[in-house]
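# Examination of the molecular architecture
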Amino acid sequence: MKSVKIIKISAGNFSFWYGAMKALSGISMDIYENAVTGIIGPSGCGKSTFLRSINRMNDLIRGSRADGAMLLDGKNIFEPDVDVVELRRRVGMVFQRSNPFPKTIFDNVAYGLRVNGIKDRNYIAAKVEKSLKDAALWGEVKDRLRQNAFELSGGQQQRLCIARALAVEPEVLLMDEPASALDPTATLKVEELIHELKKKYAIIIVTHNMQQAARISDYTAFFMMGELVEYDQTTKIFTNPSKKITEEYITGRFG
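### A look at the overall build of the protein chain
For the protein chain, the helix and strand inventory stands at 10 helices and 10 strands. A compact globule built from 255 residues would reach a C-alpha radius of gyration of about 18 Å, and the protein chain, at 18 Å, matches this within 12%. In terms of principal-axis extent, the alpha carbons of the protein chain reach across some 55 × 45 × 45 Å. Counting every position in the protein chain, which comprises 255 residues, the buried fraction comes to 49%. Long-range pairs, those at least 24 residues apart, make up 67% of the contacts in the protein chain with a sequence separation of at least 6. Roughly 12500 Å² of accessible area belongs to the protein chain as shown, and the carbon and sulfur atoms make up 50% of that amount. Separation between the mean location of the 35 positive side-chain charges and that of the 30 negative ones in the protein chain comes to 2 Å.

Structure, rendered in structure tokens:
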């Protein structure tokens, strides 16, 4: 029996501006639960802008504005009554470079829980352990929880940032080139982790790495100059794209 695809996020004719500069133009696409959606395209094509629109990180940029709809579970996240803090809890983000806080490993993961007013030490300890396990890091750090997070390797720091995002129980994970600064071994661990995490979350990943997109994405969107050129199942995009320009980008003729 074929599993039913559940739409988690839906962009409808979504456009975005930084001041007078239009960064995204009329993007319409559905993003599914329990799947990895890869976003590819040349530098400056709007990939990260789209990603950061989903948890309204772009709100922090003066003069930015959005038009159209970005729906999370059917509700437009740009409606005036949306609690942006709650939105960012539901839609976690992992950045290109690992950005642990200058705190212990434990306190990095516990940070979001404490900010949300949770004080029960036993609950926090259990949640930290679970989040580190879910991020495939517990076995490497369980005896080092009071060490500074900066003592971890780059790959471990990135998985720590993933654990920190997981601790507040998000529903969606946004990843902006999460392995671009990592060596091949650490990259493999992050990719294996993403494969496991999609069982629980909708994951959207921006990547410049075509091989990585082909390996880990269930769906792939190709962006070009702020527009969505093509969006389909990854196998279709990489083996039989509908647009010639998609084929040219994937085969390395430009970009």
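Resuming the write-up.
### Here we look at the environment of Met57
Note on placement: Met57 falls in the loop between helix H1 (47-53) and strand E4 (64-72). Between the alpha carbons of Met57 and Arg88 there is a distance of 8.4 Å; along the sequence they are 31 residues apart.

### Observations regarding the sheet that holds strand E5 (residues 75-76)
Reading across the sheet, the four strands line up as E2-E1-E4-E5 and stay open at both edges, with antiparallel pairing between neighbours. Every other strand in the sheet has two partners, leaving strand E2 (21-32) and E5 as the edge strands with one partner each. In the sheet, strand E1 (residues 7-18) pairs with E4 via eight bridges, with the strands oriented antiparallel. The partner of Trp17 across the bridge, within E4, is Arg65.

### Points about the pairing of strand E10 (residues 227-233)
Looking at chain direction, strand E9 (residues 219-224) and E10 are connected through six bridges and run antiparallel. By the bridge assignment for E10, Tyr219 is matched with Gln233. In this antiparallel pair of consecutive strands, E9 and E10, the connection spans two residues, and Met225 shows a positive phi of 50 degrees.

### Structural notes on the side chain of Thr37
By the secondary structure assignment, Thr37 is in strand E3 (residues 36-40). Setting aside residues no more than four positions away along its own chain, Thr37 makes contact with Met29, Ile31, Ile203, Ile204, Ile205, Ser217, Tyr219 and Tyr231.

### Observations regarding the pairing of strand E8 (residues 202-206)
Along any regular strand, the residues point their side chains to alternate faces of the sheet. Most of E8 is tucked away, with five of its five residues classed as buried. Looking at chain direction, E3 and E8 are connected through four bridges and run parallel. Bridging across to E8, Thr37 finds its partner in Ile204. Taken together, the five bridges between strand E7 (residues 172-176) and E8 define a ladder with parallel strand orientation. Looking at the pairing, Asp176 lines up with Val206 of E8. After leaving E7, the chain enters helix H7 (residues 184-197) and then returns to the sheet as E8, a path that is right-handed.

### Here we look at the sheet that holds E7
Pairing within the open sheet is mixed, and its six strands lie in the order E6-E7-E8-E3-E9-E10. Whereas interior strands pair on both sides, the edge strands pair on one side only; in this sheet they are strand E6 (91-94) and E10. Taking each pair of neighbouring strands and ignoring which way they run, the sheet shows an average axis angle of 20 degrees.

### Quick notes on the packing of aromatic side chains
In the structure shown here, the tally under the stated rule is eight aromatic pairs. In this structure an aromatic cluster arises from ring pairing among Phe14, Phe16, Tyr18 and Phe78. Here Arg65 stacks its cationic end above the ring of Trp17, 4.0 Å away from the centre of that ring. A cation over an aromatic ring shows up here: Arg146 above the ring of Phe106, its NZ or CZ 4.5 Å from the ring centre.

### Here's the deal with the side chain of Asp176
Here Asp176 is to be found in strand E7. Of the residues examined, Asp176 reaches a relative accessible area of 5% and is grouped as buried. Not counting chain neighbours up to four residues away, the residues in contact with Asp176 comprise Ser48, Leu51, Arg52, Met93, Val94, Phe95, Gln96 and Val206.

About the thresholds
Residues numbered from 1 in each chain as written. Predicted model: local features only at pLDDT ≥ 70, side-chain atom pairs only at ≥ 80, totals over all residues. Heavy atoms only, no water. Helix = DSSP H or I, 4+ residues; strand = E, 2+ residues; numbered from the N terminus. Rg over C-alpha atoms; globule rule 2.2 N^0.38 Å. Buried < 20%, exposed > 50% of the residue type's maximum accessible area, 1.4 Å probe, protein only. Contact = heavy atoms within 4.5 Å. Areas by Shrake-Rupley, 256 points an atom, 1.4 Å probe, with all protein chains shown as cover. Lys, Arg positive; Asp, Glu negative; His and termini not counted. Charge placed at Lys NZ, Arg CZ, Asp CG, Glu CD. Pairing = 2+ DSSP bridges. Right-handed = clockwise from strand over helix to strand, strands pointing away. Axes fitted to C-alpha atoms, helices over the stretch in contact; angles between N-to-C directions. Phe/Tyr/Trp six-rings, centres within 6.5 Å; stacked < 30°, edge-to-face > 60°. Lys NZ or Arg CZ within 6 Å of the ring centre and 35° of its normal.

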